[in-house]
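These are the residues of each chain, in order.
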Amino acid sequence: MALTNTTITSWKLQEIVAHSSNVSSLVLGKASGRLLATGGEDCRVNIWAVSKPNCIMSLTGHTSPVECIQFNSSEERVVAGSQSGSLRLWDLEAAKILRTLMGHKASVCSLDFHPMGEYLASGSVDSNIKLWDVRRKGCVFRYKGHTQPVHCLAFSPDGKWLASASDDSTIKLWDLIAGKMITEFTSHTSAVNVVQFHPNEYLLASGSADRTVKLWDLEKFNMIGSSEGETGAVRSILFNPDGSCLYSGSENTLRVYGWEPDRCFDVVHVGWGKVSDLAISNNQMIAVSYSQNNVSWYVVDLSRVKKSGSVIQGLIQDKPIPAPTSALGTTLRRNYERPTTSCTGQEMKQSSEADRRSPEGERRSPSSEDEKEDKESSAEITNPEDYKEIFQPHSVISRTPPKRTEPFPAPLEHSFSESVLEKPGPHVLSVVVTTSVTSPSRPVVTTTKPKPSTGIILSARNEPIGLNAGDFLSVTGVMGDEEALAQIRKGHDTMCVMLTSRYKNLDTVRSVWASGDVKTSLDSAVSMNDLSIVVDVLNILNLKPSLWKLDLCTSILPQIEDLLQSKYESYVQTGCISLKLILKRFWPLISDTLAAPPSVGVDITREERHQKCKACYKQLKNLSNVVKNRAEQVGRHGSTFKELQLLMAPLDC
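Definitions and limits used
- Residues numbered from 1 in each chain as written.
- Predicted model: local features only at pLDDT ≥ 70, side-chain atom pairs only at ≥ 80, totals over all residues.
- Heavy atoms only, no water.
- UniProt positions renumbered as here; feature names shortened; annotations may be inferred.
- Axes fitted to C-alpha atoms, helices over the stretch in contact; angles between N-to-C directions.
- Helix = DSSP H or I, 4+ residues; strand = E, 2+ residues; numbered from the N terminus.
- Parallel < 35°, antiparallel > 145°, perpendicular 65-115°, else oblique.
- Left-handed = near helix turned anticlockwise from the far one by under 90°.
- Contact = heavy atoms within 4.5 Å.
- Nonpolar A, V, L, I, M, F, W, Y, C, P; charged D, E, K, R; others polar.
- Disulfide = S-S within 2.5 Å.
- Buried < 20%, exposed > 50% of the residue type's maximum accessible area, 1.4 Å probe, protein only.
- Pairing = 2+ DSSP bridges.
- Expected span 1.5 Å × (residues − 1).
- Bend = angle between axes of the 7 residues up to and from the residue.
- Polar contact = N/O pair within 3.5 Å; in protein donor to acceptor, adjacent residues only side chain to side chain.
- pLDDT = per-residue confidence, 0-100.
- Patch = residues over 30% accessible without salt bridge, like charges linked within 9 Å, V, L, I, M, F, W, Y side chains within 5 Å.
- Areas by Shrake-Rupley, 256 points an atom, 1.4 Å probe, with all protein chains shown as cover.
- Salt bridge = Lys/Arg side-chain N within 4 Å of Asp/Glu carboxyl O.

You'll find the protein entered in an unreviewed UniProt entry as Katanin p80 WD40 repeat-containing subunit B1, with Cyprinus carpio carpio given as the organism. The record held by UniProt for the protein lists under Sequence similarities (unreviewed entry) the comment "Belongs to the WD repeat KATNB1 family." Under the UniProt heading Function (unreviewed entry), the entry covering the protein gives this text: "Participates in a complex which severs microtubules in an ATP-dependent manner. May act to target the enzymatic subunit of this complex to sites of action such as the centrosome. Microtubule severing may promote rapid reorganization of cellular microtubule arrays and the release of microtubules from the centrosome following nucleation."

Next up, the structure:
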């Protein structure tokens, strides 16, 4: 059978070791799609050029893990928020720190630059949003309204509105001129991870952990569309530059949506795991994801992706939905008016007047402490050549026109590439063998001196780095078929027994659940003494907060204590989500019930509620010690436990 060589729709471009410890945040430059900033638990911000293996610049100054990063529109500046609540702003062209901004009481988890002025917004685990004037080096306004961490912020293209998305399942729209909330969208049923404005029209898109993408009309302030069929939490969304469609990134899947009417144009399966950010350049989508201290780049060829036409059969309904009847090029709603001058005058006048009435907006002159912090911050240029090419000062007139970025070439679908990368030593050569079905000739073997350690991990590698495969092979030499099969089957029977038992237990819980008694089904899961079953049930309950009752809290709080101290990351995460939900929904009831004076006469219902609240309070007190100890650890879980510690603070009163 003859093989045909065709280019593929999506592929993994590169994988790098980005930090010496776990990566905690990253962002792509949307203007070029060629610049990446990563933040790590090593408290550094590293700047990378997409497809190049070496870090261009490493920014230091933070003393706690970097939780979020953002470029400005020209990609000349980058701001990073830390777990301690501080923000640091760097000028990449000048390679220096510009500002250190302090004010949040907890971890900063979202950032965005104002499109036309010297302002930026930050959202925090403390549920507050702050608007900063970079020139004044201080906070000029604070927006309150969310009850849980603010995980995404986005300014409108005209710079007059700010959208915020939170774990409280709401999206709020703020008027920067009036300094108040315009409206609130509450149709999501779980945490909202991302929001983005349409590039031209009065339209807002949002993606949530409830596995939906929703679109909101900003003239009538109502929902005009909602997706179905996402395979997991929606982590990234991006409008096409011309605004014709919306891209949605969830676990291993890219979907292309249209609206009015709702339709899905295409679904592309990409092995990017939990994608973190998207950008478009040269009709290609650049996507990034991270795991531990590795960062991976992926490319999707948008010329091979459907962006218009009928829906994919079976995704929404059996028959294709016709396109809107409006003429091509016309819009159904208003467009943003983009002023030619920067937003530094009338647009912020109202906020400035409010600042003078609020201590939050007091002018802040640089103090000796700030100057000391700025001196401790640095921008270390680790790759001068790439730095000069990318951040060439705009004030310098170049005699040659700037280089145009070219699309990344797609690999052939049936080509085979084998790369062996060994740890370079003083006399070690790297061997690269390349074979392609297009060439009838023999493989070409070239020997080249390896470059200095770059931190790059080739996506096409077929052997682990730093490991000797011989250590895992039979001592006698070549392994026979029987011995190989025995090795493969080793532990297989045990795993089958374990999975069979788990299936039977889950089937038992499901049969009880079908009767409509959630409390009994949870009790049956707890009685099995298998935390994996409890986690499976909790993952369902966490998606349906309306199912939670006070009875459930008394049963599940002792299990949460075991989950928070588990060695499995997924167990800890599920336990944290459940505990957060209990504190948000039931702590006011528990505290009010226990603080209420004794009732006159006999009230059995009240007595039962009082006993349940008393039991929950005792269990929450025990959990507060666990949370306090875990909050001292560094990393992603440390930030989550700090948030829980804030929620549990009333227990100590």
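At a closest axis distance of 10 Å, the pairing of helix 5 (residues 492–514) and helix 7 (residues 531–543) adopts a crossing angle of 40 degrees. Relative to helix 7, the element helix 5 is oriented oblique. Helix 5 and helix 7 meet at a crossing whose hand is right-handed. Seen from helix 5, the contacting residues are Arg 502, Asn 505, Leu 506, Val 509 and Trp 513; seen from helix 7, they are Ser 532, Ile 533, Asp 536, Val 537, Ile 540 and Leu 541. Of the residues assigned to the contact of helix 5 with helix 7, the class counts are seven nonpolar, two polar and two charged.

Evaluation of the coordinates by the stated rule reveals zero disulfides. Sulfur of Cys 109: no disulfide; nearest cysteine sulfur belongs to Cys 68 and is 6.7 Å away. On the basis of relative accessible area, Cys 109 is assigned to the buried category, the value being 13%.

Spatially, 6-7-8-9 is the arrangement adopted by the four strands of the open sheet, whose pairing is antiparallel. The open sheet has two free edges, formed respectively by strand 6 (66–71) and strand 9 (96–101), since each of these has just one partner strand. Taking each pair of neighbouring strands and ignoring which way they run, the sheet shows an average axis angle of 20 degrees.

The periodicity of an α-helix, 3.6 residues per turn, causes residues three or four positions apart to be oriented the same way. Between its first and last C-alpha, helix 9 (residues 569–595) extends 37 Å over 27 residues, near the 39 Å set by a 1.5 Å rise per residue. Its axis deflected by about 55 degrees at Phe 586, helix 9 carries its strongest bend there, up to four residues before the proline Pro 588.

Inspection of the secondary structure assignment puts Glu 15 in strand 1 (residues 10–17). Residue Glu 15 is classed as buried on the basis of its relative accessible area, which comes to 11%. As a C-alpha pair, Glu 15 and Tyr 290 span 275 residues in sequence and 9.2 Å in three-dimensional space. Of note is the side chain of Glu 15, whose polar atom sits 2.8 Å from the side chain of Lys 12. At 3.3 Å, the side chain of Glu 15 forms a polar contact with the side chain of Asn 294.

The next thing to look at is the packing of helix 8 (residues 550–564) against helix 9. Between helix 8 and helix 9, the shortest axis-to-axis distance is 9 Å and the interhelical angle comes to 145 degrees. When the axes of helix 8 and helix 9 are compared, the crossing they make is left-handed. Taking contact as the criterion, the partners of Leu 550, Cys 553, Ile 556, Leu 557, Ile 560, Leu 563 and Leu 564 in helix 8 are, on helix 9, Tyr 571, Val 572, Gly 575, Cys 576, Ser 578, Leu 579, Ile 582, Phe 586, Leu 589 and Ile 590. Looking at the contact of helix 8 with helix 9 residue by residue, the class counts come to 15 nonpolar, two polar and no charged.

Quick look at the sheet that holds strand 12 (residues 129–133) now. Picture the strands of a sheet paired through backbone hydrogen bonds; they go either parallel or antiparallel. As summarised here, the arrangement of the four strands in space is 10-11-12-13, forming an open sheet in which the pairing is antiparallel. Every other strand in the sheet has two partners, leaving strand 10 (108–113) and strand 13 (138–143) as the edge strands with one partner each. Neighbour-to-neighbour, the strand axes of this sheet turn through a mean angle of 25 degrees, independent of strand direction.

What follows deals with the confidence of the model for the protein. Per-chain confidence: the protein averages 77 in pLDDT, with 76% of residues scoring 70 or above. This stretch, residues 310–330, has a pLDDT under 50; its non-local contacts, to residues over four places away or in other chains, come to 32 contacts. Contacts from residues 349–372, a stretch scored under 50 in pLDDT, to residues over four places away or in other chains number 30 contacts.

Another aspect to go through is a nonpolar patch on the surface. Taken together, the side chains of Met 495, Met 498 and Leu 499 present a nonpolar region at the surface, about 290 Å² in accessible area. Along the chain, the position of Met 498 falls in helix 5.

Further remarks concern the pairing of strand 2 (residues 23–28). The element strand 2 is largely enclosed, with a buried count of six among its six residues. Pairing analysis gives five bridges linking strand 2 to strand 3 (residues 35–40), with the strands arranged antiparallel. The residue bridging Leu 26 from the neighbouring strand is Thr 38, located in strand 3. Taking the residues between adjacent antiparallel strands as the criterion, strand 2 and strand 3 are bridged by six residues, where Gly 33 takes a positive phi near 70 degrees.

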